[in-house]
Amino acid sequence: MKIAHTIEELDTILDPYRKEEVAIGFVPTMGALHKGHISLIEKAKTENAVTVCSIFVNPTQFNDPKDLQRYPRPVEEDKRILEEAGCDVLFMPSVEAMYPGGNFTTLEENFGVLDKVMEGASRPGHFAGMITIVNLLFMAVKPVNAYFGQKDYQQLAIIRRFIEKHVIPINIVGCPIVRDADGLAMSSRNSLLTAEERKHAQLIPQTMFKVKEMWEKKTVAEIKKWVEGEFAKDGLLRLDYFEISDTKTLEPVTTAHGECVACIAVFDGNIRLIDNVLLTNK
Ligand code: AMP
């Protein structure tokens, strides 16, 4: 695996592929890699001549400085995991390489409702920082295909809208959520949970799977009330939001219609975890 720390180094590695006009696949990550990330690398490898993974803990998308500070950064372990997965190129820029001179100005984009609800409401500035770095990374890598997990459902919807709006010729590929054996969606932040917090976290997927079952029989209001009750019973977990939304617009729905997605964010001690499940037609 080749490693680039600057855009110039990345160009030196990727220019030969660009000249040949072969497909470059791109998987942006913040590192602390797990099987969810690897599923994206594996998918990229089947669809591209060369697969690039980036590891960059993007300061502009952290609304909570403590979250940024404690974000896990196991660099050597990540390199080993990527080698083993057969990743071709690792792009691991410094903050200075991506934001020269410490200019942290973020893009001002109008995404309508998409970036205002759920994560947008709970984490002010998060999506502006996210779309800024995704755009910078897209310009650096110039991929044909870029891979994102449905774990971050709202992020994926915003990236799709951005690409569409600016007519950027990159194919966005959404990939299913990879879960641990007990159902918890894999996340780099899971490694920060204590054993007790990790146990309590199981309530998140358990609740979400039950929501999927209830969708056939219960109203949106009934489901919301039930979810709130489940988390109120747990002494450790604190529900940030639970929302049932239209899959495309992310507008919260009050009655079931078409394709919907249930999204949740929960504080487990100090660690904030998110999950979602798709709800099919009633
Ligand atoms: P992150 O490193 O958390 O920024 O995630 C990098 C990419 O991996 C994003 O596209 C995430 O949606 C995706 N991802 C993270 N966790 C999972 C998971 N459990 N299953 C599938 N994709 C994931």
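Predicted model, so just to flag it, every value in this text is computed and none were measured. (Residues numbered from 1 in each chain as written. Predicted model: local features only at pLDDT ≥ 70, side-chain atom pairs only at ≥ 80, totals over all residues. Heavy atoms only, no water.)

### Focus: empty space enclosed by the protein
For the record, the criterion: Using a grid of 1 Å spacing that covers the protein atoms alone, one calls a set of points a cavity when a 1.4 Å probe fits there but cannot get out, and a pocket when the set is open and has protein on both sides within 12 Å along at least five of seven lines; lining residues are those with an atom within 4 Å of a point. Grid points are joined across faces, edges and corners, and a volume is the space filled by probe spheres set on the points. The residue classification treats Ala, Val, Leu, Ile, Met, Phe, Trp, Tyr, Cys and Pro as nonpolar and Asp, Glu, Lys and Arg as charged. All others, Gly included, are polar.
Scanning all chains against the criterion turns up 1 cavity of 30 Å³ or more. The calculated volume of the largest cavity comes to roughly 50 Å³. Taken together, Lys151, Leu184, Ala185, Ser187, Asn190, Ile204, Leu273, Ile274 and Asp275 form the lining of the largest cavity. Looking at side-chain class alone, the lining of the largest cavity contains 5 nonpolar, 2 polar and 2 charged residues.

### Quick look at helix 11 (residues 220–233)
Operational definition: Runs of E in the DSSP output that reach at least two residues are strands. Runs of H or I that reach at least four are helices, and both are numbered from the N terminus. A helix is expected to reach a length of 1.5 Å times the quantity of its residues less one. For every residue, the accessible area obtained with a 1.4 Å probe (protein chains only) is divided by the maximum for its type, and the residue is called buried under 20%, exposed over 50%, and partly exposed between those limits. Directions from the helix axis toward the C-beta atoms define the arc. Between two residues, a contact is recorded if the distance between any of their heavy atoms is within 4.5 Å.
Spanning 14 residues, helix 11 covers 20 Å between terminal C-alpha atoms, matching the ideal 20 Å at 1.5 Å per step. Within helix 11, the full set of buried residues consists of Val220, Ile223, Val227, Glu230 and Phe231. Seen along its axis, helix 11 keeps its buried residues to an arc of 90°; they face one direction. With respect to the buried face of helix 11, the exposed residues turned more than 90 degrees away are Ala221, Lys225, Ala232 and Lys233. Contacts made by the buried residues of helix 11 are with helix 10 (203–214), strand 7 (237–246) and strand 8 (260–268).

### Looking at helix 4 (residues 75–85)
Buried within helix 4 are the following residues: Asp78, Ile81, Leu82 and Ala85. Buried residues of helix 4, viewed axially, fall in a sector of 95°; they line one side. Looking at helix 4, the residues exposed on the side facing more than 90 degrees away from the buried face are Glu76 and Glu84. Looking at the buried positions of helix 4, the neighbouring elements they touch are helix 2 (35–47), strand 3 (50–55) and strand 4 (89–91).

### Some details on the site of the ligand
This is how it is decided: The cutoff for a nearby residue is simple: one of its non-hydrogen atoms must lie within 4 Å of the molecule or strand. N or O atoms within 3.5 Å of each other form a polar contact, as long as, within protein, one can give a hydrogen and the other can take it, and as long as residues adjacent in sequence are counted only when both atoms are side-chain atoms. Under the convention used here, a 1.4 Å probe and the Shrake-Rupley method define accessible areas, while residue burial counts only the protein chains that appear.
Looking at the ligand, there are 17 residues lining it, with His37, Gly149, Asp152, Val178 and Met186 nearest. Met30 has a polar backbone atom sitting 2.9 Å from an oxygen atom of the ligand. The separation between a nitrogen atom of the ligand and a polar main-chain atom of Met186 is 2.9 Å. Isolated, the ligand exposes 490 Å² of accessible area, and the fraction of that covered by the protein chains is 93%. Here the shell around the ligand takes 3 residues from helix 2, the largest share from any one element. Split by residue class, the shell around the ligand holds 9 nonpolar, 6 polar and 2 charged.

### Concerning the layout of surface pockets
Of the volumes computed, that of the second largest pocket is approximately 280 Å³. Around the second largest pocket, the lining residues are Leu114, Gln150, Tyr153, Leu156, Ala157, Arg160, Arg161, Glu164, Thr247, Lys248 and Leu278. Broken down by element, the residue count for the lining of the second largest pocket peaks at 6 residues, all from helix 8 (residues 153–165). Class assignment for the residues of the lining of the second largest pocket results in 5 nonpolar, 2 polar and 4 charged.

### Regarding unusual backbone geometry
Although it is not a glycine, Ala32 sits at a positive phi angle of roughly 55°. Looking at the secondary structure, you find Ala32 in the loop between strand 2 (24–29) and helix 2. For Lys142, which is not glycine, the phi dihedral falls at a positive 50°. Mapping Lys142 onto the fold places it in the loop between helix 7 (126–141) and strand 5 (145–149). We classify Lys142 as partly exposed; its relative accessible area is 45%.

### With respect to the sheet that holds strand 3
This is how the line gets drawn: DSSP bridges decide pairing: two strands pair if at least two such bridges lie between them. Fitting a line to C-alpha atoms yields each axis, with helices limited to the stretch in contact; the angle taken between N-to-C directions then spans 0 to 180 degrees.
Read across the open sheet, the 6 strands follow the order 1-4-3-2-5-6; overall the sheet is parallel. The open sheet terminates on both sides in strands that have one partner only, identified here as strand 1 (2–4) and strand 6 (171–175). The mean angle between the axes of side-by-side strands here comes to 25°, regardless of whether they run parallel or antiparallel. Looking at chain direction, strand 2 and strand 3 are connected through 6 bridges and run parallel. When the bridges of strand 3 are listed, Phe26 appears paired with Val52. Helix-sheet contacts for helix 4 involve strand 1, strand 3 and strand 4, and the interaxial angle to strand 3 is about 165°. Contacts from helix 8 reach strand 5 and strand 6, with the element oriented near 165° to strand 6.

### Quick look at the pattern of salt bridges
The line we're drawing: We count a salt bridge whenever a side-chain nitrogen from Lys or Arg sits within 4 Å of a carboxyl oxygen from Asp or Glu.
Inspection of the entire model under this criterion finds 17 salt bridges. A salt bridge links Glu47 to Lys43, with the nearest nitrogen and oxygen atoms 2.8 Å apart. With Glu47 and Lys43 both in helix 2, this residue pair falls 4 residues apart, about one helical turn. For Glu47, a relative accessible area of 35% translates into the label partly exposed. Ionic pairing is found between Arg80 and Glu77, a salt bridge with its closest N-O pair at 3.1 Å. In this pair, Arg80 and Glu77 both sit in helix 4, 3 residues apart, roughly one turn of the helix. On the accessibility criterion, Arg80 (41% relative accessible area) is partly exposed. Here the residues in one salt-bridge network are Asp11, Asp15 and Arg18, joined through shared partners.

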